[in-house]
Amino acid sequence: MRELFYSEAIKEAMVQEMESDDKVFLIGEDVGVYGGAFGLTFGMIDQFGPKRVVDTPISEQAIVGIGIGAALMGMKPIIEIMFSDFILLAMEQIANQAAKIRYMFGGKACVPIVIRTPGGGGTGAAAQHSQSIEALLFHIPGLKIIMPSTPYDAKGLFFSAMKDPNPVIMFEHKLLYKKIKGNVPIERYEIPLGKADIKRVGKDITIVATSYMVHKALTVADKLSFEGIEVEVIDPMTIKPLDIETIINSVKKTNRVVLVEEACYSGGFTSFLASEIASKAFDYLDSPIIRVASLDTPIPYSIVLENEVIPSEDKIEKAIKGLLI
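Residues numbered from 1 in each chain as written. Predicted model: local features only at pLDDT ≥ 70, side-chain atom pairs only at ≥ 80, totals over all residues. Heavy atoms only, no water.

What follows is about unusual backbone geometry. The peptide bond linking K240 to P241 adopts the cis configuration, its omega dihedral lying at 0°. The phi dihedral of S211 falls on the positive side, at around 55°, and the residue is not glycine. Within the element layout of this structure, S211 appears in the loop between β10 (205–209) and α9 (213–225). In this structure, M237 is a non-glycine residue whose phi angle is positive, near 65°. Topologically, M237 is positioned in the loop between β11 (231–235) and β12 (238–240). (Helix = DSSP H or I, 4+ residues; strand = E, 2+ residues; numbered from the N terminus.)

What follows deals with the domain arrangement of the protein. Entries for the protein in the domain assignment read domain 1 (3–183) and domain 2 (197–324). The gap between the C-alpha centroids of domain 1 and domain 2 is 26 Å. Taken residue by residue, the interface counts 31 residues in domain 1 and 26 residues in domain 2. Together domain 1 and domain 2 conceal approximately 2,300 Å² of surface at their shared face, both sides included; 61% is due to carbon and sulfur atoms. Among the salt bridges present, the one from D153 reaches K199, with a minimum N-O distance of 2.6 Å. The interface formed by domain 1 and domain 2 holds 14 residue pairs in polar contact (both at pLDDT 80 or more) in total. Put simply, the parts of the chain that give the side of domain 1 that touches domain 2 at least two residues each are α6 (134–138), β6 (144–146), α7 (151–163) and α8 (176–179). (Domains from an automatic or database assignment. Contact = heavy atoms within 4.5 Å. Buried area = accessible area lost by both parts, 1.4 Å probe. Salt bridge = Lys/Arg side-chain N within 4 Å of Asp/Glu carboxyl O. Polar contact = N/O pair within 3.5 Å; in protein donor to acceptor, adjacent residues only side chain to side chain.)

In structure tokens, the structure reads:
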């Protein structure tokens, strides 16, 4: 075990995967000579060469299309989309090709690609570089979606994603890269897709949070423990497929739940999750299901305004106390 930044854990996982399998290659904008928009791939082109660390033109549809074709021919592409906002430019390839091919060919063909992409706000990058768009992809059958919140989770989920025969989207919050450190084993290890993690055990209320919101939820939970409120924090890690059983069991224990995500309130992933909890644990609820999400507005350039739009620790704390007090 060593302490690594979130970004370092992902890079280590990619390097180990490429060292172990010559069929694995990395492709994306500025992943080679420049070392990636956030520095994750720095030095990889020197280690593996330009045929396995492939710089591309600015064409997300072409990048994903190349990855799909290569996967169909037996390769194992790691595709980097520079900002998750830009996935929208490749939706034809992702939604109508990658997500559908295995089904349409009766399982005789599959598309084992991993699409890594940084998302989320908090950096002053404004409306076109700060979105959380996982709910758009959540709606598409055939895709798997992971949202690791810690370095340990990121490395373990990445290896599982690389083994999966289906296309996997890996959302990496930008603030996690150089802000969050944690213990990470040197060796390879896997965290199963579709399994949630209880980040903090509690008895009074459940918080289900994704990605960077997990850390805000944990901060609030630690603060409230001094007031005698014990919060259970659950990180789904994989939102598709979703480990609803772990979440339901927690709600049955605490009888109250707050759902936190950075995506916009309308149509967010937690809308679906709230529906599942209501249908599977209604008799155990002592209060309404509360959702904390970003406002339904583009992310402002101003950091002051951006902080008003995105869920804050104060908003999470207010939601919890609103159900308990």
